[in-house]
Amino acid sequence: MENIAYYNGKISSIEEMMIPMNERSSYFGDGVYDAMFTVEHVPLQLDDHLRRFYRSARKIEIEIPMGFDELRAMVLDFCKKVDSPDQMVYVQATRGVGMRGHAYRFADGKPSLWIWVKPDVLDPMDRDYKCITMEDTRFLHCDIKTLNLLPSVIYTQRAEEKGCDETILHRGDRVTECAHSNVHILKNGKLKTAPCDNLILPGITRAHRIAQCHEMGIPVIEEPFTVEEMMNADEVFFTSCSALCCRITEIDGKPVGGRDPQLIKRIQDAAWKEAMEEVKALSPSVR
Ligand code: PLP
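Residues numbered from 1 in each chain as written. Predicted model: local features only at pLDDT ≥ 70, side-chain atom pairs only at ≥ 80, totals over all residues. Heavy atoms only, no water.

Let us now look at the sheet that holds strand 2 (residues 10-12). Backbone-to-backbone hydrogen bonds pair the strands of a sheet. The strands run either parallel or antiparallel. Read from one edge to the other, the open sheet built from 6 strands follows the order 2-1-6-5-3-4, with strand pairing classed as antiparallel. Edge positions in the sheet fall to strand 2 and strand 4 (42-43), since each of these pairs with one other strand and no more. Along the sheet, helix 3 (residues 68-81) makes contact with strand 1 (4-7), strand 2, strand 3 (31-39), strand 4, strand 5 (87-94) and strand 6 (112-119), crossing strand 6 at roughly 30 degrees. (Pairing = 2+ DSSP bridges. Helix = DSSP H or I, 4+ residues; strand = E, 2+ residues; numbered from the N terminus. Contact = heavy atoms within 4.5 Å. Axes fitted to C-alpha atoms, helices over the stretch in contact; angles between N-to-C directions.)

With that settled, consider the site of the ligand. Of all residues adjacent to the ligand, which total 17 residues, the nearest are R52, K145, E177, I204 and T205. At 2.8 Å from an oxygen atom of the ligand is found a side-chain nitrogen or oxygen belonging to R52. At a separation of 2.8 Å, an oxygen atom of the ligand approaches a polar side-chain atom of K145. If the ligand stood free it would expose 390 Å²; the protein chains cover 93% of that surface. Elements with a contribution of two residues or more to the shell around the ligand: helix 2 (46-59), strand 9 (174-178), helix 5 (204-216) and strand 13 (235-240). Each residue belonging to the shell around the ligand can be placed in one class, and the counts come to 5 nonpolar, 8 polar and 4 charged. (Near = heavy atom within 4 Å. Polar contact = N/O pair within 3.5 Å; in protein donor to acceptor, adjacent residues only side chain to side chain. Areas by Shrake-Rupley, 256 points an atom, 1.4 Å probe, with all protein chains shown as cover. Nonpolar A, V, L, I, M, F, W, Y, C, P; charged D, E, K, R; others polar.)

Packing of helix 5 against helix 7 (residues 261-286) leaves a shortest axis separation of 10 Å and a crossing angle of 110 degrees. As summarised for this structure, helix 5 and helix 7 are arranged roughly perpendicular, according to the angle between their axes. Handedness of the helix 5/helix 7 crossing: right-handed. The residues of helix 7 that touch helix 5, namely those facing H208, R209, Q212, C213 and M216, are R266, I267, A270, A271 and E274. (Parallel < 35°, antiparallel > 145°, perpendicular 65-115°, else oblique. Left-handed = near helix turned anticlockwise from the far one by under 90°.)

Positioned with a positive phi, N8 is a non-glycine residue whose angle comes to about 45 degrees. Tracing the sequence through the fold places N8 in the loop between strand 1 and strand 2. For N8, a relative accessible area of 34% translates into the label partly exposed. Despite not being glycine, Q45 has its phi angle at roughly 50 degrees, a positive value. (Buried < 20%, exposed > 50% of the residue type's maximum accessible area, 1.4 Å probe, protein only.)

From the geometry alone we can't say anything about function, so treat these as descriptive.
Given below as structure tokens:
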């Protein structure tokens, strides 16, 4: 099938799925989500993404109405059913349905579970990316993957209007992350990336690139860095479930990076190798 959607036990195409008006996600963004990409029908870092999904839900006191193993099996089954081997997988849990009222007690019944899988492809690593910067005016719970994404929608719109791929956010001088990815710099052979606090989403892809740098003997510094440091870095790149390691060569119209092409290529090659190993390991589950 072309795509597939699940909502509280109902299954259909994404376009045909109907959601009740009183879903708390539409009134309050009262929910959490996670997303991942597949290669050859295999969702990359599936377990890590699902673990973060349950962790995000716990942080806002939503109990996802399906156990980890059952959800994992359902996701793998959906990835098998969708024709395209390259897909985006989306899971979402909300506090459920109920007449509009802020307190939890207005949600009648149980939390809602949403899943969909549709064709999509990873961002290529063999091209350069352009970004803009904007002040990070989001709330102070950026570590939780909530549905409250209005700032990210606006940041992404501004980037698109300028013919760019992403918006890099900063609070004053301090670079935090991007609208929908984490940003990192290479300087003097070391990887520098913002620490995991409440100002950034602890990206799964970020964690994997860090672990691989450790394995490859590339020193990693998890400390805040400034906009100036970024503009003067040897290389700048962003990561997300769709962007395993995407090199940024222009920020706010100025050229950046380009001074350590070998190191960034090593990191990109390692990222692709890890993805291929995962595809090989999980392939039997999706065939
Ligand atoms: N930061 C933000 C704000 C994001 O929305 C995302 C992904 O959606 C990321 C970082 C990257 O996270 P991951 O690598 O887990 O996809």
